[in-house]
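Coordinate inspection notes
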Amino acid sequence: MAELNEQQFTEAYDKYADAIFRHCYYRVFDREIAKDFMQEAFCKTWKYLSDGHHIDNLRAFLYRTANNLIIDASRKKKHMSLDGLMEKGFVPHSDPRQTANDHATAKEVMAVIDSLDEKYRQVMILKYVDDLSPKEISEVVGEKENNVYIRLHRGLAKVKEIIAKQENQKK
Amino acid sequence: MEVEKKLQTIINEANRHVALRPQEKETIRANVMVFMKVNPLSFTPAKPVQVSFLSWAHMVLRAPIVRHGSLAVLAMVVFSAGTLSVAAQYALPGDSLYQVKVGVNEKVLSFITFSDERRAEYEVHLAQKRLEEMEIVVAANSENDDTASQVKKLLDGHIASATAHAERISQEKQSEVSAKIHSEIEASLQAHGKVLGALTEGKGKPEKQKQEIKKFVSGLKASTGQATRAREKDEQELSSYDSDGRPDGVKESAENRLEAASHQIESFIKFVEEGNVALDADAAIEAQLAIENAGLFVEQGKTKIATGGYGSAFADFQQAMRIIQEARIHIAAEKHFNITIPLKGNVDNIIN
């Protein structure tokens, strides 16, 4: 990638801000913290560039930076359980016209993600929320592609269990 | 696979509702642009900046965060032309632009964080910067009579601010967050205090300046003690949950802290082994000791997790992280300033 200037980086913000925020939100389930991480990911990436470094893949770099921020912060405030979210008046959406059905859908995905161990949650979010390929995921998390495949496979198996349990509860 | 499709479907649905509000996106965009202005690229970009100054200024000034902050401060940044505030970022205590750096650039950046937690972390970061700046001027013998007191005043301000944010966090029953903040302050002050102590013994330093620095270091010890007491209070609060039957939140905090400690140790091992620093014999021994000791605290903590002592385990992981944090600061300083920091003081951290 040719060296970025300010305008190009600003355009990259416009393009990736929502995705990076969404990723952060699904990892921490706290809107304000997610905004902080998203903002900091962009600032840290810019700082890296301003220090004279080169970035080949800006999108992957942003995800990796956000990922590292989240891990380093070691979520002292535990990622909110669904019950905790509901108590706080859980509102992940931006559209006040959200229907009860929409709310239920968001709740569904939260329940699934919430139940996963962090090591699976991380790669599952990168794959299914952020639509990154296993190769890109391996760049973000700093692991071999093979390990990423294994974690995705195990994460999916866990999701299958959760979804089956949810469907049984509905009956 | 059906499960995969189902998961993707519900995530795609939910994604429609997990999004930034337009105003939020705009606010953060403005904040990022402010950051970009005070941290310009070090090379000449291929294309000139297309965003007009007025539209940028308009965007910054109408952002909600500005209305809650100091317009005067931001106006200074905007109208003082990038040149002044950009040049200031490299200023050291005693330089003419140092006040622009600490009074404008850093203040602006402090407005663009949202949570108590991030604000506290930013203040801790600034405290570390002050200590690093102090080390540079002491090593270069460029401090004047006022340097130490000027930096101490700024440092005390950052620590007080970080502590105030940590206190608010603690009152919200998030002792694990405030414990982390106090632990970072403690490790940083302790480590930099030793670096400054070693630098003070440098040859050619006038006796008066030596005494000023010693007074500064003595002040650091007092602040370190305060941070230690605050951290211990938070950790005791967490440990009390183990016997109170409220282990759930603490368990997750302990596990997160274990992950952070393990990651930090791995990162330090890479830092040492990948040749980023060519270590002399003493530094190599310090690094090895730090890795071993931190590892011992991690193992101790893991044992406690297995028996339900989550609060106590959290404290062990914090200790491991402080050991690594201090070692990293020492080794970087030893390399940078060509000094030796006595290992003796570091044995305090060795687990019994």
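See the structure shown above.
Residues numbered from 1 in each chain as written. Chains lettered and ligands numbered in written order. Predicted model: local features only at pLDDT ≥ 70, side-chain atom pairs only at ≥ 80, totals over all residues. Heavy atoms only, no water.

**As for the environment of Ser133 of chain A**
Selection criterion: Only DSSP runs of H or I covering at least 4 residues are called helices, and only runs of E covering at least 2 are called strands; the numbering of each starts at the N terminus.
Relative to the assigned elements, Ser133 of chain A resides in the loop between α6 (118–129) and α7 (134–141). Sequence separation of Ser133 of chain A and Val148 of chain A is 15 residues, and the distance between their C-alpha atoms is 9.9 Å.

**What to know about the pattern of salt bridges**
Counted only if it meets this: The salt bridge definition used is simple: a Lys or Arg side-chain nitrogen within 4 Å of an Asp or Glu carboxyl oxygen. Only protein chains enter the accessibility calculation, which uses a 1.4 Å probe; a residue whose area is less than 20% of its type maximum is buried, one above 50% is exposed, and one in between is partly exposed.
Considering all chains together, one arrives at 23 salt bridges over all chains under this definition. The closest approach of N and O atoms between Arg59 of chain A and Glu136 of chain A, which form a salt bridge, is 3.5 Å. In this pair, Arg59 of chain A sits in helix α3 (residues 58–73) while Glu136 of chain A sits in helix α7, placing the two residues 77 residues apart along the sequence. Of the residues examined, Arg59 of chain A reaches a relative accessible area of 23% and is grouped as partly exposed. Of the charged contacts, one joins Glu235 of chain B and Arg231 of chain B as a salt bridge, the two residues approaching to 3.0 Å between their closest N and O atoms. One end of the pair is Glu235 of chain B and the other is Arg231 of chain B, both in helix α11 (residues 207–244) and four residues apart, which spans about a single turn. Side by side, Glu235 of chain B and Arg231 of chain B carry an identical accessibility label, which is buried. Among the charged side chains, a salt-bridge network with shared partners connects Arg31, Glu32 and Lys35 of chain A together with Arg21 and Glu24 of chain B.

**Description of helix α2 (residues 31–50) of chain A**
All names here are of chain A. Note the following rule: Take the number of residues in a helix, subtract one, and multiply by 1.5 Å to get its expected span.
If you check α2, its first and last C-alpha atoms are 28 Å apart, about what 20 residues at 1.5 Å a residue would give, namely 28 Å. Within α2, 15 of the 20 residues are buried, which leaves it mostly tucked inside the rest of the structure. Gly52 occupies a position one or two residues after α2 and carries a positive phi of about 95°.

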